[in-house]
Amino acid sequence: MMNEAFQRIESQFNTRIENISEEELKEIELALELLQKKYFMKKIILNFNLEH
């Protein structure tokens, strides 16, 4: 069930980005990296604060 949902989301995402430029793809990649760094950094800080 979850695999089907993720496959549907992936398919929709791929449809949305199929006609964008290389520059736009790079911008998306950088944005995703930033979000991932911020999320994991926040999670690390929260876990650290809860432990101390």
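This text follows the structure it describes.
Residues numbered from 1 in each chain as written. Predicted model: local features only at pLDDT ≥ 70, side-chain atom pairs only at ≥ 80, totals over all residues. Heavy atoms only, no water.

Undergrad: Residues and numbers for the pattern of salt bridges, please.
TA: Throughout the structure, instances matching the rule amount to 1 salt bridge. Note that Lys 26 is salt-bridged to Glu 29, the shortest N-O span being 4.0 Å. Linking Lys 26 with Glu 29, this pair stays in helix 2 (residues 22-51), spanning 3 residues, or about one helical turn. The class of Glu 29 is partly exposed, set by a relative accessible area of 39%. (Salt bridge = Lys/Arg side-chain N within 4 Å of Asp/Glu carboxyl O. Helix = DSSP H or I, 4+ residues; strand = E, 2+ residues; numbered from the N terminus. Buried < 20%, exposed > 50% of the residue type's maximum accessible area, 1.4 Å probe, protein only.)

Undergrad: Break down helix 1 (residues 2-17) for me, with residues and values.
TA: Each turn of an α-helix holds 3.6 residues, which means side chains three or four residues apart point in the same direction. Over its 16 residues, helix 1 runs 23 Å from end to end, which matches the ideal 22 Å to within 8%, given 1.5 Å per residue. Across the 16 residues that make up helix 1, only a small minority, 0, are buried. (Expected span 1.5 Å × (residues − 1).)

Undergrad: Can you lay out the environment of Asn 3 for me, pointing to particular residues and giving the numbers?
TA: Position of Asn 3 among the secondary structure elements: in helix 1. Considering only alpha carbons, one finds Asn 3 and Phe 13, 10 residues apart in sequence, at a separation of 15 Å.

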